[in-house]
Amino acid sequence: MADWAKTAQRTYEYYTVDPGTWQDVERLDTVTSSSISWDASAETLGSASFAITESVGEAYVRIYMITVQNGVREKRPLGTFLLQTPSSKFDGRIRDVTVDAYTPLLELKENPPPLGYFLREGENIMDKAYELVREHARAPVVRATCDKVLPHDFVANTDDTWLSFLIDLIALAEYEFDLDEEGRILFSPKQDIDALQPVWTYSDDNSSILYPDITVDHDLYKVPNVVEVTYSGGAGAHSARVVNDDPNSPVSTIGRGREITHRDPNPSISGNPDDKQLAPQVQEYAEKLLKSMSTLTYTLSYSHGYCPVRLRDGVRLNYKRSDIDGVKAKVISQTIDCTPECKVSETAVFVNKLWR
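Residues numbered from 1 in each chain as written. Predicted model: local features only at pLDDT ≥ 70, side-chain atom pairs only at ≥ 80, totals over all residues. Heavy atoms only, no water.

Draft legend 1. Region of the structure containing helix 3 (residues 162–171). In terms of burial, helix 3 is largely enclosed, as seven of its ten residues are buried. Buried within helix 3 we find Trp 162, Leu 163, Ser 164, Phe 165, Leu 166, Leu 169 and Ile 170. Buried residues belonging to helix 3 abut helix 1 (106–109), strand 8 (118–119), helix 2 (125–136), strand 9 (154–155), strand 10 (175–179) and strand 11 (185–189). (Buried < 20%, exposed > 50% of the residue type's maximum accessible area, 1.4 Å probe, protein only. Helix = DSSP H or I, 4+ residues; strand = E, 2+ residues; numbered from the N terminus. Contact = heavy atoms within 4.5 Å.)

Structure below.
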């Protein structure tokens, strides 16, 4: 494996991918540049753009980084994307085609479940999710083993796509979608930042791959100490109010000397609960919402040379010149420029819990 803290010669290769076998088919020599964007907040988890001299139509394309270091050549996949929407420019000599590309999760976003579609109470959540992804996407799917079952019938909304339906479904088992560099669809358990083991340490020592500029953002003003939730649906209506009055919390009603209220009139209550289930679900939702909002989130934006860090990985930052030392954070977005330099612009977050 390449030593990412040292210099290496980098080039890139591009191959069309057979959606049936998920294997490389043909090398593309018409790609002049590309860029990859990963984003944990996007339903499809990211996208890519390609500059090519000749359109290839709609096709899956896999990007490889080729490194040569100390005479050793290695080939590493960076992502597999579905090319779809080209625009072209002709300067009288060369035609430049810019192509937008999407992750394999896009196929789950293209169609809705049938009207009235639902899964029955008691079905295994992750087994059913695996079956549905296999049925509605062509990319390989890696099964997740989990014993959690549906606590009630789980009904698709009229505006759901298969992707939004499945995101909500696997969230009941505390899972989320993930992708590997070959484009396989994965199910990853949700993890708090504290539970992550850092896969890479960025430092400002002599072997650092970290660029000098780094920004840190946080906003204490938006942290509430009261949450009010109101639900109205087929099972009836219910409301809940949760207050942070902990004297040890700096953002509590006591610590701040006033109430700061967040109101949620449209809580995401899963499935179709009956009247007996509704009250405890709304109360639990309100408690979890206040707990999640009672954290001060720090957002770190920085750049570095390429290293094998993926979306949602844990990293550690020892950037002492910026007073950031021993900070463990979670990567929430990346942009990879597929150039000889291969600069990676990255955003990560860490939190300071202010209640419970």
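Still to come is the rest of the account.
Draft legend 2. Region of interest: the sheet that holds strand 15 (residues 236–243). The sheet built from three strands is open, its strands ordered 15-14-16 with mixed pairing. Edge positions in the sheet fall to strand 15 and strand 16 (261–264), since each has one partner strand and no second. Sheet twist, expressed as the average angle between the axes of neighbouring strands with direction ignored, equals 10°. Pairing of strand 14 (residues 226–233) with strand 16, which is carried by four bridges, proceeds in the parallel orientation. In the strand pairing of strand 16, Glu 228 is matched with Arg 263. (Pairing = 2+ DSSP bridges. Axes fitted to C-alpha atoms, helices over the stretch in contact; angles between N-to-C directions.)

Draft legend 3. Focus on the nonpolar core. By size, the foremost hydrophobic cluster in this structure holds 81 residues, and its most contacted members are Phe 50, Phe 177, Phe 187 and Tyr 302. With residues near it in sequence (within four places) discarded, Tyr 302 still touches Tyr 202, Leu 210, Asp 213, Ile 214, Val 315, Leu 317, Val 331, Val 344, Ser 345, Glu 346 and Ala 348. Counting residues in each nonpolar core, the second largest holds eleven residues, with Val 227, Ile 269, Val 282 and Leu 289 among its members. (Core = buried A, V, L, I, M, F, W, Y, C linked by side-chain atoms within 4.5 Å.)

Draft legend 4. Structural detail: the packing of aromatic side chains. A complete count under the given rule lists twelve aromatic pairs for this structure. Judged by centre distance (5.1 Å) and plane angle (55°), the ring pair of Phe 154 and Phe 165 falls under tilted. One end of the pair, Phe 154, is in strand 9; the other, Phe 165, is in helix 3, and eleven residues separate them in sequence. A residue is classified by how much of its surface remains accessible, and Phe 154, at 5% relative accessible area, is buried. For the ring pair Phe 177 and Phe 187, a centre distance of 5.5 Å and an interplane angle of 35° mean the geometry is tilted. A residue pair is termed long-range when its members are at least 10 positions apart, and Phe 177 in strand 10 and Phe 187 in strand 11 qualify at ten residues. With respect to burial, Phe 177 and Phe 187 carry one shared label: buried. Connected via pairs of aromatic rings, a cluster forms that spans Tyr 117, Phe 154, Trp 162 and Phe 165. (Phe/Tyr/Trp six-rings, centres within 6.5 Å; stacked < 30°, edge-to-face > 60°.)

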